[in-house]
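# Architecture and fold: a report
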Amino acid sequence: MREMQKDGEWLVTRLLESDTHHPLGNLLREDWKLPRKQVHLLFQHKDILVNGLPVAQHAKGEAGQELRFRVCLPEPFGVETVAEPLDVRYEDDHLLVVNKSAGVLLHPTEKHHRHTLDHLVAGHFARTGVQSKVRHVHRLDQDTSGVVLYAKHAWAAALLDELLRERQIKRTYLAFVQGSMKTARGTINEPIGRDRNHPTRRRVTPSGEAAITHYQVLDRYDGVTLIECSLETGRTHQIRVHLRHIGHPLLGDALYGGKKMLIARQALHAARLQFTHPFGGQLVTVDAPLPTDLQALQNKLKEVPN
């Protein structure tokens, strides 16, 4: 995709010579990955303009012509706004990346939930004049801190969802695990499914969905190892389940056998997101530093000789 500028409700770009070989409908659906239904509605409502004039799906444009899509229509946020500060790590017309604190739910799962990250993002949208539904692209557990990616309009959401399915969004985590890991790096390739004996827990099971976690040791302490993990898949509790499976549960993760020593929550932090921007093609890398509780944990571990 090439770069597109937001102009109110419209996204704006110019046609290149390579664009003129295809009908505009095909260009949008096949090359630019706009959902078929949305393409149909845009043409039907005359919300695609070439040099300011509505066009048909089968029409072809000319190089240099301005192309406009009315895809940023005002929408309700979908959740109530919460007017509190938000740690924004990256933002443009299409995307928002924020740093979630541990203990904050990502989105409401019960009617009484009124203070989730989605609510905070809605508050940020209200402050900054964004009239869009709050759309998180991926999730973090309540007690996992770190970066979360949001789409600021439906087309961005569709493209980011596809990047996620194609494993083109790289997610890197820092984890403090129990025990001294014998291997400096490795891959855990074990399917994950529900634990029938517990309402929320997952487990490694042959009948589960494919799950792949890569890890690398960064530092070793007395009875604890700091590792970096990257995911090829995004199963619920994936890192937590995989690390328990190999005998190194996360510190503080009582649900998966971790001891609540030195920290009262699972010692897991989503430290980095890296992906190709769906509008422009540039590489986007967003980092979030270790939060204060994990910094304090690391400092305590450094004080104890191996």
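Look up a bit, the structure's there.
A brief structural summary.

### Quick look at the pairing of strand 5 (residues 66-69)
As judged from the 4 bridges shared by strand 2 (residues 10-14) and strand 5, these two strands associate in the antiparallel manner. Note that in strand 5 the partner of Thr13 across the bridge is Leu67. As defined by bridge partners, strand 3 (residues 48-50) adjoins strand 5 across 3 bridges and the pair is classed as antiparallel. Opposite Leu49, over in strand 5, you have Arg68 as the bridge partner.

### Things to note about the environment of Arg185
With respect to the helices and strands, Arg185 occurs in strand 11 (residues 185-189). On the basis of relative accessible area, Arg185 is assigned to the exposed category, the value being 57%. Along the backbone, Arg185 and Ser101 are 84 residues apart, and their C-alpha atoms lie at a distance of 28 Å. What Arg185 contacts, discounting residues up to four positions off in sequence, is Tyr215 and Gln216.

### Notes on the nonpolar core
Judged by nonpolar contacts, the single largest core of 69 residues is most densely connected at Phe69, Leu117, Leu149, Tyr150, Trp155 and Ile227. No other element matches the 6 residues that helix 4 (residues 154-165) contributes to this core. If near-sequence neighbours (up to four positions away) are discounted, Phe69 is found in contact with Met4, Glu9, Trp10, Leu11, Thr13, Leu28, Trp32, Asp47, Ile48 and Trp155. Counting 13 residues, the second largest nonpolar core, distinct from the first, contains Leu174, Phe176, Leu297 and Leu301.

### A word on the pattern of salt bridges
Two side chains bearing opposite charge may form a pair once their charged atoms approach each other closely. As enumerated under the stated definition, the model contains 15 salt bridges in all. The salt bridge partner of Asp87 is Arg89, with a shortest N-O separation of 3.2 Å. In this structure Asp87 comes out as partly exposed when scored by relative accessible area, which is 32%. Since its relative accessible area comes to 34%, Arg89 is described here as partly exposed.

### Structural notes on the sheet that holds strand 3
One open sheet accounts for 5 strands, arranged 1-2-5-3-4; its pairing is antiparallel. Two strands close off the open sheet at either side, each with one partner strand: strand 1 (5-7) and strand 4 (53-54). Here strand 3 pairs with strand 4 via 2 bridges, running antiparallel. Bridged to Leu49 within strand 4 is Pro54.

### Structural notes on unusual backbone geometry
Even without being glycine, Lys33 reaches a positive phi, approximately 60°. With respect to the element layout, Lys33 can be found in the loop between helix 1 (24-31) and helix 2 (36-44). Overall, the relative accessible area of 39% leaves Lys33 in the partly exposed class. Phi is positive for Arg167, close to 60°, though the residue is something other than glycine. Examined against the element boundaries, Arg167 turns out to sit in the loop between helix 4 and strand 10 (170-178).

Each value, and the rule that gives it
- Residues numbered from 1 in each chain as written.
- Predicted model: local features only at pLDDT ≥ 70, side-chain atom pairs only at ≥ 80, totals over all residues.
- Heavy atoms only, no water.
- Pairing = 2+ DSSP bridges.
- Helix = DSSP H or I, 4+ residues; strand = E, 2+ residues; numbered from the N terminus.
- Buried < 20%, exposed > 50% of the residue type's maximum accessible area, 1.4 Å probe, protein only.
- Contact = heavy atoms within 4.5 Å.
- Core = buried A, V, L, I, M, F, W, Y, C linked by side-chain atoms within 4.5 Å.
- Salt bridge = Lys/Arg side-chain N within 4 Å of Asp/Glu carboxyl O.

Just distances and angles here, no functional claims.
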